[in-house]
Amino acid sequence: MSDRRPPLQHPVHGRAYEQMLEKVRYDGAYPTREKAEEAVRLVLAGLGRQLTGDERVELAARLPLDAARILTAQIPDTQPLTGWAFVKDLAARTGASLATTRWDTGSVLSAVAACAGPDLITRILQQLPSGYALLFGRAELTPAA
């Protein structure tokens, strides 16, 4: 008989993902870890459909491994959505209200911003269409006309 066990997930990555889920759960006031994880999966998959190029690769490298897998499992859309259209698309996929989906999106993307850092988030916001800054917890500044 062998005492070999299957290898465990790398502990650093597992803890980092758990910490991310706890941040989302706390910030989003979710009643359970499972609800927080549903939001993380939904929003990261949606973001994975929007991001391309170096920003996508760099964000994946900064996210916990499980979160990066969710993000990178998606094929980017050919037409990126505005921030509002992004929220509407996520709501349509789940059947949740727009208000709930907006809340979920902000809760998750604030945790993503914490992992990514301000410089990468600035580059991501420059790549995406308008409307994402508020979702990441930033003011949307537009030049004066």
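A brief structural summary. (Residues numbered from 1 in each chain as written. Predicted model: local features only at pLDDT ≥ 70, side-chain atom pairs only at ≥ 80, totals over all residues. Heavy atoms only, no water.)

## What about the packing of aromatic side chains?
- Taken as a whole and assessed by the stated rule, the structure comprises one aromatic pair.
- Plain terms: the ring middles of Phe86 and Tyr132 are 5.4 Å apart, the flat faces sit at 50° to each other, and that makes the pair tilted. With Phe86 in helix α5 (residues 83–94) and Tyr132 in the segment after α7 (118–127), this residue pair connects regions lying 46 residues apart in the sequence.
- Judged by relative accessible area, which is 1%, Phe86 ranks as buried.
- On the basis of relative accessibility, which here comes to 1%, the residue Tyr132 falls in the buried class. (Phe/Tyr/Trp six-rings, centres within 6.5 Å; stacked < 30°, edge-to-face > 60°. Helix = DSSP H or I, 4+ residues; strand = E, 2+ residues; numbered from the N terminus. Buried < 20%, exposed > 50% of the residue type's maximum accessible area, 1.4 Å probe, protein only.)

## Things to note about the nonpolar core
- The biggest cluster of nonpolar side chains holds 39 residues, and the ones touching the most others in it are Leu44, Leu59, Leu63, Val112 and Phe136.
- Of all the elements in the fold, those that place two or more residues in this core are α1 (11–28), α2 (33–48), α3 (53–62), α4 (65–72), α5, α6 (98–116) and α7.
- Per element, the largest residue contribution to this core is eight residues, and it comes from α2.
- With sequence-adjacent residues up to four places away left out, Leu59 is seen in contact with Leu47, Leu51, Leu71, Val112, Ala116, Leu120 and Ile124. (Core = buried A, V, L, I, M, F, W, Y, C linked by side-chain atoms within 4.5 Å. Contact = heavy atoms within 4.5 Å.)

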